[in-house]
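# Notes for the structure review
Below, each chain spelled out in residue letters.
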Amino acid sequence: MQLREPANLVSPRAIRMWTVEAVIGALFLGAVQVGWWLVDDAPDRTIHQVVAVVWLVLSAAYAVGMPRWRYRVHRWEATRHAIYTQTGWLNQERRIAPLSRVQTVDLERGPIAQLFRLATVTVTTASAAGPLEIAGLDLEVARHLVETLTTAAVAEKGDAT
């Protein structure tokens with residue numbers, strides 16, 4: 001039997017959310033470079049120009065490419081017996097957690113996710129591998145998933161240890 005991709009994609013709005021997050025990160029790095037340029041009293045500004053061009057090209061490529069690639073990779077699926085996730089963009093990871101191992105199910109919405117009506121569902125399990133995280137879910141889908149997983153985990157006879 002082969003391990004297949006989980007069936008469900010995250011919300012298409014996740015692309016915009018990840019793009020905004022990438023642009024905010026790029027602007028922060030740009031501000032750091034401007035601060036470096038202001039405190040540097042060297043007469044030759046060539047290094048600043050080179051770093052600015054490299055920063056601009058890499059930031060644009062990251063902000064355009066990374067969100068679309070993550071959207072293609074990020075998937076999830078919940079069955080009667082397990083939660084299954086696939087995450088990452090450079091390093092990709094597939095994980096399956098039996099519902100009998102679920103300890104908590106959390107819904108999180110940061111300010112940018114709230115702007116796009118998205119949420120992240122985190123499933124903490126009795127595993128040394130850490131929690132499973134599904135970022136970029138439509139808010140209503142996330143709420144339903146939390147309710148479904150919580151109900152199913154409570155119904156499981158295992159003790160999550």
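Presented here is a report on the structure given in the accompanying data block. No experiment lies behind these values; they were computed from the predicted model shown.

### Side note on the overall build of the chain
- For the chain, the count of helices and strands is four helices and seven strands.
- For the chain, the sequential pattern of α-helices and β-strands runs β-α-α-β-β-β-β-α-β-β-α.
- A compact globule built from 161 residues would reach a C-alpha radius of gyration of about 15 Å, whereas the chain, at 20 Å, exceeds it by more than 25%.
- Projected onto the principal axes, the alpha-carbon positions of the chain cover approximately 70 × 35 × 30 Å.
- Taken over 161 residues, the chain has a buried fraction of 37%.
- Total accessible area on the chain is roughly 10000 Å²; 62% of this is exposed by carbon and sulfur atoms.
- Averaging the coordinates of the 16 positive side-chain charges in the chain and doing the same for the 15 negative ones gives two points 8 Å apart.

### Observations concerning the side chain of Glu 77
- Relative to the elements of secondary structure, Glu 77 occurs in strand β2 (residues 75-78).
- By relative accessible area, which is 12% here, Glu 77 ends up buried.
- Within polar-contact distance, the side chain of Glu 77 engages the backbone nitrogen of Ala 7 at 2.9 Å.
- Setting aside residues no more than four positions away along its own chain, Glu 77 makes contact with Arg 4, Glu 5, Pro 6, Ala 7, Asn 8, Ala 82, Ile 83 and Tyr 84.

### Comments concerning the layout of surface pockets
- Quantified by volume, the largest pocket comes out at close to 190 Å³.
- Around the largest pocket, the lining comprises 13 residues; the ones closest to its centre are Met 17, Glu 21, Ala 113, Thr 120 and Ala 135.
- For the lining of the largest pocket, the elements supplying multiple residues, two or more each, are α1 (13-39), α3 (111-115) and β7 (132-138).
- Within the lining of the largest pocket, the residues separate by chemical class into six nonpolar, two polar and five charged.

### Regarding the sheet that holds strand β4 (residues 93-98)
- Taken together, four strands build an open sheet; the order of strands is β1-β2-β3-β4 and the sheet is antiparallel. Looking at strand neighbours, the two that pair on one side only are β1 (8-9) and β4, the edges of this open sheet.
- Strands in contact with helix α4 (residues 139-155) are β2 and β3 (82-87); relative to β2, the strand with the most contacts, it is inclined by about 40 degrees.

### A closer look at the packing of aromatic side chains
- Counting across every chain of the model gives zero aromatic pairs.
- When the ring centre of Trp 18 is taken as reference, the NZ or CZ atom of Arg 70 above it lies at 4.1 Å.

### What to know about the pattern of salt bridges
- For the structure shown, the criterion picks out four salt bridges.
- Here Glu 5 makes a salt bridge to Arg 75, at a shortest N to O gap of 3.1 Å. Of this pair, Glu 5 sits in the segment before β1 while Arg 75 is found in strand β2, placing the two residues 70 residues apart along the sequence.
- A residue is classified by how much of its surface remains accessible, and Glu 5, at 38% relative accessible area, is partly exposed.
- Classification of Arg 75 by relative accessible area gives buried; the value is 19%.
- As a salt-bridge pair, Asp 138 and Arg 13 come within 2.5 Å of each other at their nearest N and O atoms. Placement of Asp 138 in strand β7 and of Arg 13 in helix α1 is noted, with a sequence separation of 125 residues between them.
- Judged by its relative accessible area of 23%, Asp 138 is partly exposed.
- Taken together, the shared-partner salt bridges in this structure form one network comprising Glu 5, Arg 75 and Arg 94.

What counts as what
Residues numbered from 1 in each chain as written. Predicted model: local features only at pLDDT ≥ 70, side-chain atom pairs only at ≥ 80, totals over all residues. Heavy atoms only, no water. Helix = DSSP H or I, 4+ residues; strand = E, 2+ residues; numbered from the N terminus. Rg over C-alpha atoms; globule rule 2.2 N^0.38 Å. Buried < 20%, exposed > 50% of the residue type's maximum accessible area, 1.4 Å probe, protein only. Areas by Shrake-Rupley, 256 points an atom, 1.4 Å probe, with all protein chains shown as cover. Lys, Arg positive; Asp, Glu negative; His and termini not counted. Charge placed at Lys NZ, Arg CZ, Asp CG, Glu CD. Polar contact = N/O pair within 3.5 Å; in protein donor to acceptor, adjacent residues only side chain to side chain. Contact = heavy atoms within 4.5 Å. 1 Å grid on protein atoms, 1.4 Å probe; cavity = no way out; pocket = protein on both sides within 12 Å on 5 of 7 lines; lining within 4 Å. Points joined across faces, edges and corners; volume = space filled by probe spheres on them. Nonpolar A, V, L, I, M, F, W, Y, C, P; charged D, E, K, R; others polar. Pairing = 2+ DSSP bridges. Axes fitted to C-alpha atoms, helices over the stretch in contact; angles between N-to-C directions. Phe/Tyr/Trp six-rings, centres within 6.5 Å; stacked < 30°, edge-to-face > 60°. Lys NZ or Arg CZ within 6 Å of the ring centre and 35° of its normal. Salt bridge = Lys/Arg side-chain N within 4 Å of Asp/Glu carboxyl O.

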